[in-house]
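Here is what each chain is made of, one letter per residue.
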Amino acid sequence: MQVLANKHEKNQNFYEFDQTLHQLLQQKLSPSFYRYADEQLTAFGALCAGPIDARAKVTDREGEPRLRRYNAYGDEVSEVIVNEGYKQTVAETYATGIVGYVHKDIPELGHKGNYVYSFAQGYLLSQTEPGFYCPVTLTMATAYLLEHYASEELKQKFMPHICATGDTELFEGATFLTERQGGSDVGANVVEARLDQGEWRLYGEKYFASNAGMCGVAMVLARQTTNSKQGSKGLTLFAVPWRNDDGELNHITIRRLKDKLGVKAVPSGEVEFNGAKAYVVGDPSKGIYYMLEALNLSRICNAAASVGIMKRALDEAVHYTNGRIAFGQTVAEFPMVQHSLGALHAKWHASLVALFDLVSRYDEIIGGNASEDEQQIVRLLIALVKKETAEWAIEFTHEAIELHGGNGYIEDFVLPRLLRDAQVLTVWEGTANILAHELIRLVQKNAHITLLHELQQTSHPYLQQLASVVEQRFAVFVTLDPAMQTLEAKPLMQQLARLYEAVVAVKHAESAGEREQMLAEIYIEEQFDQKPFGEVPLAVKGFKLLNSGY
């Protein structure tokens, strides 16, 4: 084998040549907002493809966070030390308003941003540093909880710092749920909140606390000693500053940092509260409700990270196969490779279109412009999209490694890191089993009926037929006993998720062009096994069009 000069230059800007993202933002933002976003995302896309990517490699291989538990005098300091490049990435990323401009005005526009713009930034960031997008996600969730449920006093205390864009000291956020004995069973949590001279103090341990030591304030579920309710309904949400107003550690200890497979950038630790000062957020009886609402936002972030990894893996595969010579031609000229690349391209495209359809719907809910039916649809779509994209992020990196051959397994290339980082996305914010239970809960509220009715309005005959088949399966599903529902839920989620992606991809193509129509048809052929045996796949027939405009 030999290497040719690649006609596909290595991508130096993750935003500039992303045709699908440009189309989506033009559709979903006002003209003035789009002009602003286009300029800012062009700069951020270059930053992500260049300096942030270089720093991410250092953090992954040799610069991951370290815990310094004690100072020279033996005092407990629980200090998390991160490398200088990571600090620079933190400063540059939050300065873009990835969190802040969801909640405060963009100076150049004179109005707030929205989640469409924020998730465009997160999608670009995740192509290079999905590990750091975890702290960004936690900060987004913290800002959401404070803005929607906290008192004005708490908002004034924390929100300027949580939403900092370089104008004041930044407080990153965190959400601490998991305890050793509970895991996904949050109702088993035992961290206590005791009232001491008019102030709440927390005692106990959170076993998997991401962004430990880096956050300025953590949102923590705890059980008030004065509350006799058991289970999840007995949990109250607290805002817990990492340090007191005098700068001293707020009676918090980090026992250790987790040695994780991937996402090395984010420090995840075991945190003990030893009388940490805490502030009640909202109604003390609704802590679990508040946190579940923030969890839905985090699940969308998870999907954005997954689609970002999908895009980066696809970019790497396209670049490599167009430049590698084997048996007298580029690897990308072989039909089998064209088939793989075309199918991946169509899946990524449909996933991105679906993600931003979901985010637009979520913005409507946040703006108070959605009906109860629409809110239930969004909750269902969040579960579907999170599960589907997380699983495909792993598949994309696996396929890209194979297309690289042996080089794909070498740490000099980005793919091993992407694979390690992708693996956690099926676990974070709820495994497939947890999401399957979410489907069952939402089916009991008939959310699937409204969504299926909407999907049946597609102009594509095959998808209309498929929607009817899925509807029939749901009609049977609701008659099953609870145990059997848990067995059928995940395959049913997959069918509904892919139907949704296909419908929105077809709708997007109606107002786009030949490329988008081809991608939609490739998606349908590949995901629903519609290619007649012995015929050339659409992914191969359309490869020249896709490859030239990539």
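Residues numbered from 1 in each chain as written. Predicted model: local features only at pLDDT ≥ 70, side-chain atom pairs only at ≥ 80, totals over all residues. Heavy atoms only, no water.

You'll find the chain entered in an unreviewed UniProt entry as Putative acyl-CoA dehydrogenase AidB, with Solibacillus isronensis B3W22 given as the organism. Note on the chain: under the UniProt heading Cofactor (unreviewed entry), the record states "FAD". (UniProt positions renumbered as here; feature names shortened; annotations may be inferred.)

J.: Describe the packing of helix 10 (residues 372–404) against helix 12 (residues 432–443), listing the residues and the values that go with them.
T.: Orientation of helix 10 relative to helix 12, taken along the N-to-C sense of each, is 155 degrees, at an axis distance of 10 Å. Of the possible angle classes, the one that applies to helix 10 and helix 12 is roughly antiparallel. Between helix 10 and helix 12 lies a crossing of left-handed hand. Contacts between helix 10 and helix 12 involve Gln 376, Arg 379, Leu 380, Ala 383, Lys 386, Lys 387 and Glu 391 on the former and, on the latter, Ala 432, Leu 435, Glu 438, Leu 439, Arg 441 and Leu 442. Looking at the contact of helix 10 with helix 12 residue by residue, the classes come out as six nonpolar, one polar and six charged. (Axes fitted to C-alpha atoms, helices over the stretch in contact; angles between N-to-C directions. Helix = DSSP H or I, 4+ residues; strand = E, 2+ residues; numbered from the N terminus. Parallel < 35°, antiparallel > 145°, perpendicular 65-115°, else oblique. Left-handed = near helix turned anticlockwise from the far one by under 90°. Contact = heavy atoms within 4.5 Å. Nonpolar A, V, L, I, M, F, W, Y, C, P; charged D, E, K, R; others polar.)

J.: Tell me about the side chain of Arg 515, and please be specific about residues and values.
T.: Within the element layout of this structure, Arg 515 appears in helix 16 (residues 514–527). Take Arg 515: its relative accessible area is 10%, and that puts it in the buried class. Apart from the residues lying within four places of it in its own chain, the contact partners of Arg 515 are Gln 19, Thr 20, Gln 23, His 345, Trp 348, His 349, Leu 545 and Leu 546. (Buried < 20%, exposed > 50% of the residue type's maximum accessible area, 1.4 Å probe, protein only.)

J.: Which residues make up the UniProt feature "domain: Acyl-CoA dehydrogenase/oxidase C-terminal" (unreviewed entry) in the chain, and what values go with them?
T.: Those places that UniProt annotates as "domain: Acyl-CoA dehydrogenase/oxidase C-terminal" (unreviewed entry) correspond, in this numbering, to residues 286–437. This span, residues 286–437, is 77% helix and 3% strand, and a straight line between its end C-alpha atoms measures 21 Å.

J.: Account for the nonpolar core, naming residues and giving values.
T.: Within the largest apolar cluster, 183 residues are counted, with the highest numbers of intra-cluster contacts made by Phe 119, Tyr 133, Phe 176, Phe 273, Leu 496 and Leu 499. For this core, the element with the highest residue contribution is helix 8 (residues 287–323), accounting for 17 residues. When residues of this core are assigned to domains, at least three map to each of domain 1 (173–285) and domain 2 (430–535). Dropping the residues within four chain positions of it, Tyr 133 is found in contact with Ile 98, Phe 119, Gly 122, Leu 125, Ser 126, Met 140, Cys 301, Ala 304 and Ala 305. (Core = buried A, V, L, I, M, F, W, Y, C linked by side-chain atoms within 4.5 Å. Domains from an automatic or database assignment.)

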